[in-house]
Amino acid sequence: MEYNYYILCYPDGDKQQIYHRLTIGDIIDLNGNVLAPKELDPYKITYKVTGVYKKIYFKEIYWYFKLDLMTRDEVEDEIDYLESKNFLDSEFLNKVFNKLEEKIKKKKKRYK
């Protein structure tokens, strides 16, 4: 049986143990909780996971997550990106599909 330990490495050198695994690119709060896109706020202290490395001591595996402090501008850019991504995903794709359906219907009418 292996034991996994997850440790946050803050930019100032502090370390803190958490109880769940993170991935590169996750945006987290001070306590290591992953923030959902709706929870992002430029006035919160947020960190971005920029690296992961592990050390193995017999049956204990230590996962170290390197964090970088995000500036207010970086958080605002991330919010804008996520909003534009959601906008493009839903509305834009619906418009494209509707146009394609109209073209298909027109072609079917021509051949009848």
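Cut-off values and rules
- Residues numbered from 1 in each chain as written.
- Predicted model: local features only at pLDDT ≥ 70, side-chain atom pairs only at ≥ 80, totals over all residues.
- Heavy atoms only, no water.
- Helix = DSSP H or I, 4+ residues; strand = E, 2+ residues; numbered from the N terminus.
- Buried < 20%, exposed > 50% of the residue type's maximum accessible area, 1.4 Å probe, protein only.
- Contact = heavy atoms within 4.5 Å.
- Pairing = 2+ DSSP bridges.
- Salt bridge = Lys/Arg side-chain N within 4 Å of Asp/Glu carboxyl O.

Trainee: Talk me through the environment of Glu 2; I want residue IDs and the actual numbers.
Mentor: Among the structural elements, Glu 2 can be located in the segment before strand E1 (3-9). You can call Glu 2 exposed: its relative accessible area is 55%. Between the C-alpha atoms of Glu 2 and Glu 60, which are 58 residues apart in sequence, the distance is 5.8 Å. Glu 2 has contacts with Lys 59 and Ile 61, leaving out every residue within four places of it along the chain.

Trainee: Which residues make up the sheet that holds strand E2 (residues 15-18), and what are the values?
Mentor: Here five strands make up an open sheet; going across it, the order is E2-E1-E5-E4-E3 and the pairing mixed. Strands with a single pairing partner mark the edges of an open sheet, and in this sheet they are E2 and strand E3 (27-28). By the bridge criterion, two bridges tie E3 to strand E4 (residues 47-57) in an arrangement that is antiparallel. By the bridge assignment for E4, Ile 28 is matched with Tyr 47.

Trainee: Before we move on, could you go through the pattern of salt bridges and cite the residues and values that matter?
Mentor: In this structure the tally under the stated criterion is two salt bridges. The residue Glu 78 makes a salt bridge to Lys 48 at a minimum N-O spacing of 3.8 Å. Here Lys 48 lies in strand E4 and Glu 78 lies in helix H1 (residues 72-111), a separation of 30 residues in the sequence. A relative accessible area of 26% means that Lys 48 is categorised as partly exposed. The salt bridge partner of Glu 76 is Arg 72, with a shortest N-O separation of 3.3 Å. Pair noted here: Glu 76 and Arg 72 are both in helix H1, with a separation of four residues, about one helical turn. Accessibility expressed as a relative area gives 44% for Arg 72, which makes it partly exposed.

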